[in-house]
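So you can see what is in the structure, the chains are spelled out below.
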There are 2 protein chains.
Amino acid sequence: MMKLKSIVAFAAAAAAVTVAMPAAAQFAKAEDAIKYRQSSLFVIGQHFGRLGAMAQGKMPFDAKMAQENADVVANMAKLPWAGFGPGTEKGAPHKSKDDIWLEPEKFKELADKFVAESGKLQTAAKTGNLDALKTSFAATAKTCKACHDEYRNK
Amino acid sequence: MMKLKSIVAFAAAAAAVTVAMPAAAQFAKAEDAIKYRQSSLFVIGQHFGRLGAMAQGKMPFDAKMAQENADVVANMAKLPWAGFGPGTEKGAPHKSKDDIWLEPEKFKELADKFVAESGKLQTAAKTGNLDALKTSFAATAKTCKACHDEYRNK
């Protein structure tokens, strides 16, 4: 884990996270922010998991269903990150590593990659082509894993 | 609480809920379905709450922020109901009343009203007019309350 160098560094990091948050992000308390990020990521994960089941042949491929699921993932991809604002490193049980608040720019970079890939996944799902879906699903899954490996405790 | 009349009635009710669910709704276990409906409703509630704060003058009105929040509510409005499928009346702690599975058509009717109003709310938010937002927020909040009063334990 990166060491916290000073209060100044932390304040700068916190400010960066604030900038990364959409304007709509406002939580009454840290607990709500934590629940929000967990909730939005869980919903995304459920829909993303269905795309994975289709991509891996564990569920019959259904173009309409794939598109519906990809739409939810893409529509929600930007949401969770607002729940990682300054002061939300505690307040409720969670699996987030402190590094999120110590390396906010790196965290944002990984989150942005997921947002970008989920947009491409939505486009791929619209084609109705299973191979396109498979390729884009794998690319998106890679961005999930990259961030989980780095910032989520097991 | 409405009494369960027979296994036949229950099976019919369960089938009705299945019909009400989008094709994409598939959960590995009841616990996931419960977590899914709770998570999606929580996320919706956070965004809806911000619209309420603006409508009630507790937060300065910001047209762009209102639109962003209304978009999330409208985009997610159809999601939670898939998590109320047959067999999800138990599996994890929750506040849902059994009546949901006993009166699925009535439950669906109330859910549909929320979906319809959240669409109008999105349209109202797009106008950038605070009065339009206030009116539509109140109408949508009424549909939340109607369903909570009937189907959610306190």
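Residues numbered from 1 in each chain as written. Chains lettered and ligands numbered in written order. Predicted model: local features only at pLDDT ≥ 70, side-chain atom pairs only at ≥ 80, totals over all residues. Heavy atoms only, no water.

A. Geometry of the interface of chain A and chain B. Across the contact, 24 residues belong to chain A and 24 residues belong to chain B. Roughly 2,000 Å² is buried in total at the junction of chain A and chain B, and carbon and sulfur atoms are behind 64% of that figure. For the pair chain A and chain B, the interface holds zero salt bridges. Linking chain A to chain B there are four residue pairs in polar contact (both at pLDDT 80 or more). Of all the elements in the fold, those that place two or more residues in the side of chain A that touches chain B are helix H2 (30–55) and helix H3 (63–76) of chain A. (Contact = heavy atoms within 4.5 Å. Buried area = accessible area lost by both parts, 1.4 Å probe. Salt bridge = Lys/Arg side-chain N within 4 Å of Asp/Glu carboxyl O. Polar contact = N/O pair within 3.5 Å; in protein donor to acceptor, adjacent residues only side chain to side chain. Helix = DSSP H or I, 4+ residues; strand = E, 2+ residues; numbered from the N terminus.)

B. Region of interest: the relation of the copies chain A and chain B. Superposition record for chain A on chain B: RMSD 0.0 Å, screw rotation 180 degrees, translation along axis 0.0 Å. In symmetry terms, the pair is related by a two-fold rotation axis. Judged by C-alpha distance, Ser-39 of chain A is the residue of chain A that lies nearest the rotation axis, at 2.2 Å. When the interface residues of chain A are mapped onto chain B, 100% of them again lie at the interface, so the same face is used by both copies. (Least-squares fit on C-alpha atoms with pLDDT ≥ 70 in both.)

C. Spotlight on the pattern of salt bridges. Residues and elements named next belong to chain A. Going through the model one piece at a time under the given rule, you end up with 12 salt bridges over all chains. Between Glu-117 and Lys-120 there is a salt bridge, with the nearest N and O atoms lying 3.3 Å from each other. In this pair, Glu-117 and Lys-120 both sit in helix H5 (residues 104–127), three residues apart, roughly one turn of the helix. Under the relative-accessibility criterion, Glu-117 is labelled buried at 16%. (Buried < 20%, exposed > 50% of the residue type's maximum accessible area, 1.4 Å probe, protein only.)

D. H5 of chain A, seen in detail. Residue and element names in this part refer to chain A. Over its 24 residues, H5 extends 35 Å from the first C-alpha to the last, a length consistent with the 34 Å expected when each residue adds 1.5 Å. When H5 is considered as a whole, its buried residues turn out to be Pro-104, Phe-107, Leu-110, Ala-111, Phe-114, Glu-117, Ser-118, Leu-121, Gln-122, Ala-124 and Ala-125. Directly after H5, the chain includes Gly-128, whose backbone phi takes a positive value near 75 degrees. (Expected span 1.5 Å × (residues − 1).)

E. Region of the structure containing helix H2 (residues 30–55) of chain B. Residue and element names in this part refer to chain B. An ideal rise of 1.5 Å per residue puts 38 Å on 26 residues; H2 measures up with 37 Å between its terminal C-alpha atoms. In terms of burial, H2 is a largely internal element, 19 of the 26 residues being buried. Phi turns positive one or two residues past the end of H2, at Gly-57, with a value near 75 degrees.

F. Fine view of the confidence of the model for chain A. Residue and element names in this part refer to chain A. Residue-level pLDDT values for chain A average 88, and 84% of them are 70 or greater. This stretch, residues 1–24, has a pLDDT under 50; its non-local contacts, to residues over four places away or in other chains, come to 33 contacts. Model confidence for the complex: the whole-complex pTM is 0.85, and ipTM, which rates the interface, is 0.84. (pLDDT = per-residue confidence, 0-100.)

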